[in-house]
There are 2 protein chains.
Amino acid sequence: MPSQPEAVGDYLRGLQQRIVAALEAADGTTCVRDAWHKEPGEPLQGSGLTCILEDGPLFERAGCGFSQVRGPKLPPSATQHRPELAGAPFEAMGVSLVFHPRNPYVPTVHMNVRMIAALPVDAPPVCWFGGGMDLTPYYGFEDDAVHFHRSCRDALAPFGDDKYPRFKKWCDEYFFLKHRNEQRGIGGIFFDDFAELEFARSFAMLRSVGDALLPAYLPIMERRRDTPYGERERAFQLYRRGRYVEFNLVWDRGTHFGLQSGGRTESILLSMPPLASWAYRQQPAPGSAEAALYEHFIVRREWL
Amino acid sequence: MPSQPEAVGDYLRGLQQRIVAALEAADGTTCVRDAWHKEPGEPLQGSGLTCILEDGPLFERAGCGFSQVRGPKLPPSATQHRPELAGAPFEAMGVSLVFHPRNPYVPTVHMNVRMIAALPVDAPPVCWFGGGMDLTPYYGFEDDAVHFHRSCRDALAPFGDDKYPRFKKWCDEYFFLKHRNEQRGIGGIFFDDFAELEFARSFAMLRSVGDALLPAYLPIMERRRDTPYGERERAFQLYRRGRYVEFNLVWDRGTHFGLQSGGRTESILLSMPPLASWAYRQQPAPGSAEAALYEHFIVRREWL
């Protein structure tokens, strides 16, 4: 029987393969698959598989990465509520994706599922989980937002009715650009440091979230991918992608600290858009679809 | 006679006007001039003038901002070497600019000159200074780098032979993308928390640096602005501008903490390029001009 971390690793590798296959099928092109490993002597040992599709007809840049790192000692921040694990060796693994479509009517999507396992020498592993998914439209559609949130709620429903409301709120709080007083998108779910349920149930919840990504996103992508658009929509998409960059580089803890602490830069920055723009004090025309995005979509609200 | 902070404010406002006039003359267009002030009740009181030229024939985005803020109490970080000033009211002011030209053969330039004055109630103001300028080419030219560094050295020469070597090294250390193991550009000079000389001499040094920007940059801009370029050079420029974004949002203390602490977002982000791109593991062809940038220009070296 595989160990707990091995079982999670097997699931995550399989999830990445399924997602990448769906990405390729939707786009009609092939991802680059780039296996990497950290050199001995670097602070963390680890390896991963970075899959990325660039300049496709449907996706302008879509990355899905798996990584697995091991370290000799859990950092103090990870064990402040678990003093018995202080300084234990650990393993962290996850799948992370961001898809940037070309058509401004198709939203950008982000998903992440991850596990940290403390591996004390004289006791069984202790695992905790994190992850979630969120959607960032450039043009808002109520139907899309409701479908995405319903998919999130349904994925969490077997694990307790409290999960979706809690994780939905957490997502709104996390994906917030304080310097713009804006949400990144229409939200979704986010959770971290999760070990409330026993291992088997927590891992089942993680699988349920990971498995929900494709059914949450593909129908939205399919119904928007052939929407005609012009220069105006493209310009607005590039401008809004600037916000995605701002969030990821200024506020996202994984990205910011990953870059500052010696993570693998090209894998961390899979999330960057292929092209983004900035302009001074851009204001959408009152009553426009662009104004509706700010007023009705990238705000905190209940979608279900 | 104006107070010390008033004299510095007068100089900085005049410097901004001279720079903006030169920018407009070079581009043949007009900047937007946007005067702003912080609302009462915000953590810092302040005002400023943001000047920005967007989508001009020569400059795709070029911003030059003046700002002046007052606070009731210096933060502890500012007074650890000056305990007698702990908690004193303060005033901070500066001019900051980033010019992003359209032609990839014209480098991006950044300059900042600033002063903080502690204003103890029962003693005269105590002022310290910071600033510098640095150049970020997309295609490297030895002549340009030498001219820029010579301008920096000459600006500092009257204030001691140690200044240029110290501030050049400081600049190399500051404008470094650790996550890429790359310099942002060919450097220049950077200094902070400067109060080694008496006020009159320190302020004269600040003026000498501020006044050096136009003669350091305009000749380079003039000799490159009509260089023909095509899609390849444009693509490389957009890709390298992504590095500019990464530096400013991840590593630049002024930008990162400004955004996190409630500064005026649109003024802080004057430095963002109008358009930037990201691509996975882009590598320039061996022997190309793009490879030469990495090998011979965005590395630490002595230019004089």
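See the structure shown above.
Residues numbered from 1 in each chain as written. Chains lettered and ligands numbered in written order. Predicted model: local features only at pLDDT ≥ 70, side-chain atom pairs only at ≥ 80, totals over all residues. Heavy atoms only, no water.

1. Observations concerning helix α3 (residues 163–174) of chain A
Residues and elements named next belong to chain A. The condition is simple: Secondary structure is summarised from DSSP: a helix means a run of H or I of at least four residues, a strand means a run of E of at least two, and numbering begins at the N terminus for each. By this rule the span expected of a helix is its residue count minus one, scaled by 1.5 Å. Relative accessibility thresholds used throughout: buried, under 20% of the residue-type maximum; exposed, over 50%; partly exposed, between the two (1.4 Å probe, protein chains only). The directions considered for the arc are those from the helix axis to the C-beta atoms.
Spanning twelve residues, α3 covers 16 Å between terminal C-alpha atoms, matching the ideal 16 Å at 1.5 Å per step. Taken together, the buried positions of α3 are Lys163, Tyr164, Phe167, Lys168, Cys171, Asp172 and Tyr174. Taken end-on, α3 shows its buried residues confined to a sector of 165 degrees, consistent with a single buried face.

2. Notes on helix α4 (residues 199–224) of chain A
The cut-off we apply is this: Fitting axes to the seven residues that end at a residue and to the seven that start at it, the angle between those axes gives the bend at that residue.
With 26 residues, α4(A) ought to run about 38 Å at 1.5 Å a step, and its terminal C-alpha atoms sit 39 Å apart, in line with that. Of all the bends in α4(A), the largest measures some 30 degrees and sits at Ala212(A), one to four residues before the proline Pro215(A).

3. Some thoughts on the relation of the copies chain A and chain B
Operational definition: Copies are brought into register by a least-squares superposition over C-alpha atoms of residues with pLDDT of at least 70 in both. Contacts are assigned to residue pairs that have any heavy atoms within 4.5 Å of one another.
When chain A is fitted onto chain B, the two copies agree to an RMSD of 0.0 Å after a turn of 180 degrees and an axial shift of 0.0 Å. Those values place the two copies in the arrangement expected of a two-fold rotation axis. Taken together, the interface assignments show that 100% of the residues at the interface of chain A recur at the interface of chain B, consistent with an identical surface on both copies.

4. Section: the environment of Gly87(A)
Residue and element names in this part refer to chain A. Within the secondary structure layout, Gly87 lies in the loop between β3 (59–71) and β4 (90–101). Owing to a relative accessible area of 31%, Gly87 belongs among the partly exposed residues under this scheme. The sequence separation of Gly87 and His37 amounts to 50 residues, and the corresponding C-alpha distance is 24 Å. Once residues within four sequence positions are removed from consideration, Gly87 is found in contact with Pro72, Lys73 and Leu74.

5. Comments concerning the sheet that holds strand β6 (residues 126–136) of chain A
Residue and element names in this part refer to chain A. Selection criterion: Two strands pair if DSSP finds at least two bridges between them. Every angle, taken between N-to-C directions, lies between 0 and 180 degrees, and every axis is a line fitted to C-alpha atoms, over only the stretch in contact when it is a helix.
Here we have seven strands laid out as an open sheet, ordered β1-β2-β3-β4-β5-β6-β9, and antiparallel in their pairing. The open sheet has two free edges, formed respectively by β1 (32–37) and β9 (187–194), since each of these has just one partner strand. On average, each strand axis in the sheet is tilted by 10 degrees relative to the strand beside it, whichever way the strands run. Note: strand β2 (residues 45–54) against β3, ten bridges, orientation antiparallel. The residue bridging Leu49 from the neighbouring strand is Phe66, located in β3.

6. Things to note about the interface of chain A and chain B
Cut-off, in case you're wondering: Note on terms: buried area is the combined drop in 1.4 Å-probe accessible area of two parts once they are placed together, counting the loss on both. We count a salt bridge whenever a side-chain nitrogen from Lys or Arg sits within 4 Å of a carboxyl oxygen from Asp or Glu.
Contact residues are listed per partner, giving 33 residues for chain A and 33 residues for chain B. Summing both sides of the interface, chain A and chain B together bury roughly 3000 Å²; the carbon and sulfur share of this comes to 58%. Of all residues in chain A, Glu266(A), Trp278(A) and Tyr280(A) give up the largest surface area on contact with chain B, accounting jointly for 27% of the area buried on that side. Joining chain A to chain B, the criterion identifies four salt bridges.

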